[in-house]
Amino acid sequence: MFDPIPEAAAWAIVLLPLASFAIIALASLLSASGVRLWRPAWSGYLTVLAIAAALALSVWALDSAVQSDGHAVGFAPHEWVTVGPLTVDIGFRLDGLSALMLVVVTGVSLMVQVYSQGYMAGDPGYSRYFAFMSLFTGAMLGLVAASSILQLFVFWELVGLCSYLLIGFWFHREAARRAATKAFLVTRLGDLGLISAILLIWWQTGELDIARIHEAVLAGTVPAAVVAYFAGGVFAGAAGKSAQFPLHVWLPDAMEGPTPVSALIHAATMVAAGVYLVARLFPAYALAEEAITTVAVIGAVTAIMSALLGVVATDIKRVLAYSTISQLGYMMAGLGSLAFAPAMFHLFTHAFFKALLFLGAGSVNHATGTFDMRRMGGLARSMPVTFLTMSLGALALVGLFPLAGFWSKDELLAVAWDERPAVFWALLVGVFLTALYVGRMLFLTFAGEYRGGEAGAHGHAPSHPHESPPVMLLPMVLLAGLAAAVGLTNLGHGVEHLLVGALPSEAEGLAAEPHFRFGIAAASVALGLAGLAVAWAIYGARVVPSEDIARALAPLHRLLERRYYLDDLYEGVITGRLVLAGLARGLYLWDRYVVDGIVNGIAQGARETADRLRLAQAGQPQVYGAFLALGIVVATVVVLLANP
Amino acid sequence: MLSFMTFFPLAGAAAVALLPRARETWARWLALATSLVVLGCALALFAAYDRDGAQFQFVDAHTWLSSDVAPFTVRYLLGVDGLSLPLVLLTAFLTTVAVLISWNIDLRPREYFAWLLALETSLLGVFSSLDLVLFFLFFELELLPMYFLISIWGTGRRVYSAWKYVLFTFFGSAFMLVGILALGFAAGTFDMRELQQMGPLREAVLPAAVIFAFLMIAFGIKLPVVPLHTWLPDAHTDAPTAVSVILAGVLLKMGGYGILRLCFSILPQVARDASLFLAAFAALSILYGALVTLMQQDLKRLIAYSSVSHMGYVLLGASALGSVGLTGAAMQMFTHGLVTGLLFVMVGLVYDRTHTRAIPELSGLAHRMPYVATVMVIAGLASLGLPSLAGFVSEITVFLGTFPRHQLLTVLGVLGVLLAAGYILWMVQRVFWGEPSPRWQGIGDAVAWWERVPTLALVAVILLVGIYPAAVMDLFERGVLPIASRLG
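Starting afresh in each chain, residues are numbered from 1 along the sequence in its written order. To label them, take the chains in the order written and letter them from A, then take the ligands in the order written and number them from 1. Note on the predicted model: pLDDT of at least 70 is required for a residue's local features to be given, and 80 or more for side-chain atom pairs to be given and counted; whole-chain, interface and lining totals, by contrast, use all residues.

1. Quick notes on the overall build of chain B
How we decide: Here a strand is any run of E in DSSP of at least two residues, a helix any run of H or I of at least four, and the numbering for each starts at the N terminus. A radius of gyration in this sense is built from C-alpha atoms; the matching globule rule multiplies 2.2 Å by the number of residues raised to 0.38. For the exposure call, what matters is how many other C-beta atoms sit within 10 Å of a residue's own: 20 or more marks it buried, 12 or fewer exposed, and in between partly exposed, using C-beta atoms placed from the backbone. Contacts are defined on C-beta atoms placed from the backbone: any two residues whose C-beta positions lie within 7 Å are in contact.
From N to C terminus, chain B includes 20 helices and two strands. A globule of 488 residues ought to have a C-alpha radius of gyration of about 23 Å, and chain B, at 21 Å, matches this closely. With the C-alpha coordinates of chain B rotated into their principal frame, the extents come out at 70 × 60 × 40 Å. When each of the 488 residues of chain B is scored for burial, the buried share is 66%. In chain B, 81% of the contacts between residues at least 6 apart in sequence involve partners at least 24 apart.

See below:
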């Protein structure tokens, strides 16, 4: 359609949001210094403007990638640092995979920023919020565009930083600051694997450029064990970012940030980064049997395990958080089953309906002052737009024909059926569980009678919930349209073609192709409907009250309520007892009493010796003399021993 | 030029000390002017250094002591190369910062600023001496101002800490002196330029390995390396803010500089054999330092202990023996100076207002001092190795350089990065975040120009080095290449 995008315009996609961040930061600094030229409202406008421009350029970039069949549009990398044998380049990798991600990130981010104009209105940290959001978006775009793995890591960490800052945005709240620190530390634990993998691959290949790493791996010059460790280490980092078992614990707590932040984290940034990273390095996984099996197993376990948690959570955002973890599990399980394009396609569709669901949750919170579904109910009447858009997003998540989730999930299931039957069955059970928690969420929130809300951030307990302002509803309506339609983009296998084109040509054959099977599609839709029906029976019609079920399954219910005791294990036992109370405290005491004790003991001894020998005048200098003497005596003895 | 720059602060110190009592308030202005002149000189040298020219430039050489009896001469010999020049610049920069944040010193200001400037001369001398004996003299000269600065203007157990610092250093110096003399007599010269061309030592009074070990003890105390580190937390904690900045920012680097300049470039054969041993001590310092840091309840002590951990990366990079690791080690010295310098400045600003450094007593300070909180968070992020800030560049270079030689020990070092995130974020979470405490109702933010200017300058440089590291890294690379080629 258009001419190919020039490199400067491609870089502008990354740099525009970063510039928006820099301008808001400098303006805030000036304001704090007394030069009050900047109005907070401008921060919001500037962010929307920058990201809208980035979206337009991203669409151009996508067009260029489509024209080149998804193959890399060759921008030469630029030298950043050279030290001896180490050369670090930075470059913009534009291909089908990154172009699709650019559009997802800018598109979802734009919706979220528009919505935030309403949601964050009046917050004292308004400018700070949009500064961080700009940085967050820019960092994610930089990650997507990175041509070298070290460059990717730089933006990877910046994405982590922004989610830290935004989760802890309301830093006066105890829960928010805890959640922020937890998110950073847990993801950084995974990053240890990623750093080690980068060190390993550089040692073995001398390359940091991703395309050249692929060349080396595909040429078979790298030992198989190295590829396996490399892929495994990268996956540790990806599991941290994408909240895969057992590093998923930070994501449910990340709810403490403002809700639009959650929408962005869960849809297009942060958690998408891990899946994207594994997809970006797909050739290495396809060649490392142990690594890719690990990805498949962890993904499937995560998908089931967190869907179960979603069934018992009472906080609407937590339900959605567990849903995200579960869906990320689907994507990872898909990548682990060689379903390269379907997994990324699922990331693509998921981004729109999950962003919509979070914005809907924010809208509900705006009206009721609470996220606790036990205090909602009956909102369908007072909030019709929120109700309709959220329902559409929810049904897309369940995967009902012909909504977005149906197409991508079906492809995942079809490939898993061919490649890894065990994963297929797990994911199929997951479809039922997904429908169950989604139905439960809808019925608790929108059906029945209103249960009163809560005095929340906006100060009053609203007796009559009202619909949100248009600036919040508009993005929801647009996203609802996308959640309904975006699955159709791949009807002619266009998206798949685009994505597979991003792989090195030798690796294109390694990715499995999905074959439509009517039986699988019918089964998954049927299970989805069954799940919704069960949810209706329990939470809508209350044929079987949920309390009875909880009582009947008490041990399981308790296990789920305590989130499998993993938080207790990590925070209480490992961090609290072993690392802090055990190792760190032990070393602290050792350092204080033993190491320093010996030093002080020697000083004391030297002083007494000096006193006895009357080597110096009274007072401190004798100690100094004694020390110098001690050193010289030791040195002399050594000299004598060395020269007999 | 180099001699002028090195001794100009001493002249400034004399002028400050001789100010009449009635003109006491001029002391800080005079000190600031002096430090700015030096900073200007350092920047000029940095710009004028020919990156394709000779290794040592701006050399000043004069015979100082020569004897007919003994076959050696001691010379007054100054010069800088790619390794020392950035450290000279760092010294000039941090001294200016130190003068500014001491603006409100009201206890004997003339003496205070005079000692601070005298300290600068000794530090510049250490980094620009090319004669071993001269190096030793400057290395020792630093103790005098340091002792007075800590014991008079310090806090807490300041006299104990000052003595502890002096005694530790002296203990190491005795070994260094023997090592230097043994080297000089064996080679017949104290000129570092000639020593670093020399082949394996013959006919020394001591085996090369023992000389190496002696020098390592001296520099290992300064760096510091666990278990020779216990002077550091005491001295850093009890020193006044500006002195903590210089201590952490520059003085520790004398250790790392000595290791590279003396141990590695003069005795490369021993360094090769000791590589594994050094890497093990580096990993020990990194992990031990970080774990002990986790337990600290005093803000300043926390940052002091984090220095033990961070300086471990210098030794780790050095143990790699290659140009990448050595450049990383040198970069780590530079970035740690900036980052930890800034951390100490910020802790000083907090202490000026709250008069406590006990972490459990502090809470929600971000509400009262948003500027201090913001800069502290930036400094903390740089300290935990966040990309785009200075600390990351040096750490990743160290890791990349060391991994090919010591895989397991490097991964242990990487673990230190996780622990760093732990102690920094927990500190930020407890001190700056949280509900505003009524106890800190009345305190204000840092608004004075002498608080804002140095902190903003440090943030700007930390960002610059983080985003465009080549600005300094190219020079360091040039500096370590001769060392790396001797090791290789």
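2. Description of the overall build of chain A
Along its length, chain A carries 26 helices and two strands. A compact globule built from 644 residues would reach a C-alpha radius of gyration of about 26 Å, and chain A, at 28 Å, matches this within 12%. Its C-alpha atoms give chain A principal-axis dimensions of roughly 95 × 60 × 60 Å. Classification of the 644 residues of chain A by burial places 57% in the buried group.

3. Quick word on the interface of chain B and chain A
Here is the rule we go by: In this classification, the charged set is Asp, Glu, Lys and Arg, the nonpolar set is Ala, Val, Leu, Ile, Met, Phe, Trp, Tyr, Cys and Pro, and all remaining amino acids, among them Gly, are polar.
The interface is formed by 54 residues belonging to chain B together with 51 residues belonging to chain A. Of all the elements in the fold, those that place two or more residues in the side of chain B that touches chain A are α7 (158-187), α9 (208-222), α12 (268-294), α14 (323-354), α16 (370-383), α17 (390-402), α18 (407-431) and α20 (470-487) of chain B. Residue contributions to the side of chain B that touches chain A peak at 10 residues, all from α18 of chain B. Considering only residue class, the side of chain B that touches chain A consists of 41 nonpolar, 11 polar and two charged.

4. Here we look at the nonpolar core
Threshold: Core membership is restricted to buried Ala, Val, Leu, Ile, Met, Phe, Trp, Tyr and Cys residues, and these are joined into a nonpolar core through C-beta atoms within 7 Å.
If you look at the biggest cluster of nonpolar residues, it comprises 446 residues, and the most contacted ones within it are Val278, Tyr285, Phe340, Ala355 and Ala483 of chain A. Non-local contacts of Tyr285 of chain A, meaning those with residues more than four positions away in its chain, are made with Ala231, Val278, Ala291, Ile292, Val295 and Leu335 of chain A.

5. A short note on the packing of helix α14 (residues 316-336) of chain A against helix α15 (residues 340-368) of chain A
Residues and elements named next belong to chain A. Cut-off, in case you're wondering: The convention used is that axes are lines fitted to C-alpha atoms, helices contributing only their stretch in contact, and that angles between N-to-C directions extend from 0 to 180 degrees. These descriptions rest on fixed angle ranges, namely under 35 degrees for roughly parallel, over 145 for roughly antiparallel, 65 to 115 for roughly perpendicular, and the rest for oblique.
Where α14 meets α15, the closest approach of the two axes is 9 Å, and the angle between their N-to-C directions is 175°. With respect to each other, α14 and α15 are oriented roughly antiparallel. Across from Ile316, Lys317, Leu320, Thr324, Gln327, Tyr330, Met331, Gly334 and Leu335 in α14, the residues of α15 making contact are Phe340, Pro342, Ala343, His346, Leu347, His350, Lys354, Leu357, Phe358, Ala361 and Val364. Looking at side-chain class alone, the contact of α14 with α15 contains 13 nonpolar, five polar and two charged residues.

6. Observations concerning the environment of His229 of chain B
Residue and element names in this part refer to chain B. Mapped onto the elements of the fold, His229 is located in the loop between α9 and α10 (231-238). Among the residues examined, His229 registers 28 C-beta atoms within 10 Å and is labelled buried. When sequence neighbours within four positions are dropped, the list of residues in contact with His229 reads Pro224 and Val308.

7. Points about helix α11 (residues 271-280) of chain A
In terms of residue burial, α11 of chain A counts as a mostly covered element, since 10 of its 10 residues are buried. Looking at α11 of chain A, one finds that the buried residues are Val271, Ala272, Ala273, Gly274, Val275, Tyr276, Leu277, Val278, Ala279 and Arg280 of chain A.

8. Some points on the confidence of the model for chain B
Regions with low pLDDT carry predicted coordinates that are not meant to be interpreted in detail. Residues and elements named next belong to chain B. Keep this limit in mind: Scored between 0 and 100, pLDDT is the confidence that the predictor attaches to each residue.
For chain B, per-residue confidence averages 92 on the pLDDT scale, and residues scoring 70 or more make up 99% of the total. Put simply, strand β1 (residues 57-66) is where chain B has its lowest mean pLDDT, 85, and helix α3 (residues 84-101) is where it has its highest, 96. Model confidence for the complex is summarised by a pTM of 0.92, with the ipTM given as 0.92.

9. Quick word on the pairing of strand β1 (residues 78-83) of chain A
All names here are of chain A. The following threshold applies: A pair of strands is treated as paired once DSSP finds two or more bridges between them.
With five bridges connecting them, β1 and strand β2 (residues 86-90) associate as antiparallel partners. Looking across to β2, one finds that Val81 is bridged to Val88. The antiparallel pairing of β1 with β2 creates a hairpin that spans two residues between the two strands, and Gly84 there sits at a positive phi of about 50°.

10. Remarks on helix α18 (residues 404-419) of chain A
Think of an α-helix as turning once every 3.6 residues; residues three or four places apart then point the same way. Just so we agree on the cut-off: Every helix has an expected span of 1.5 Å times one less than the residues it contains.
Here α18 of chain A spans 24 Å end to end across 16 residues, near enough to the 22 Å set by a 1.5 Å rise per residue. Burial runs high along α18 of chain A: 14 of the 16 residues are buried.

11. A word on the packing of α3 of chain B against helix α11 (residues 241-266) of chain B
All names here are of chain B. Convention followed: A crossing counts as left-handed when the near helix is turned anticlockwise from the far one by less than a right angle, and as right-handed when that turn is clockwise.
Axis separation between α3 and α11 bottoms out at 8 Å; the angle between their running directions is 165°. Compared by their axis directions, α3 and α11 come out roughly antiparallel. Considering only the axes of α3 and α11, their crossing is left-handed. For the pair formed by α3 and α11, the contact residues are Leu87, Leu90, Thr91, Leu94, Thr95, Val97, Ala98 and Ile101 on the first element and Thr241, Ala242, Val245, Ile246, Gly249, Val250, Lys253 and Tyr257 on the second. Residues that form the contact of α3 with α11 fall into these classes: 11 nonpolar, four polar and one charged.

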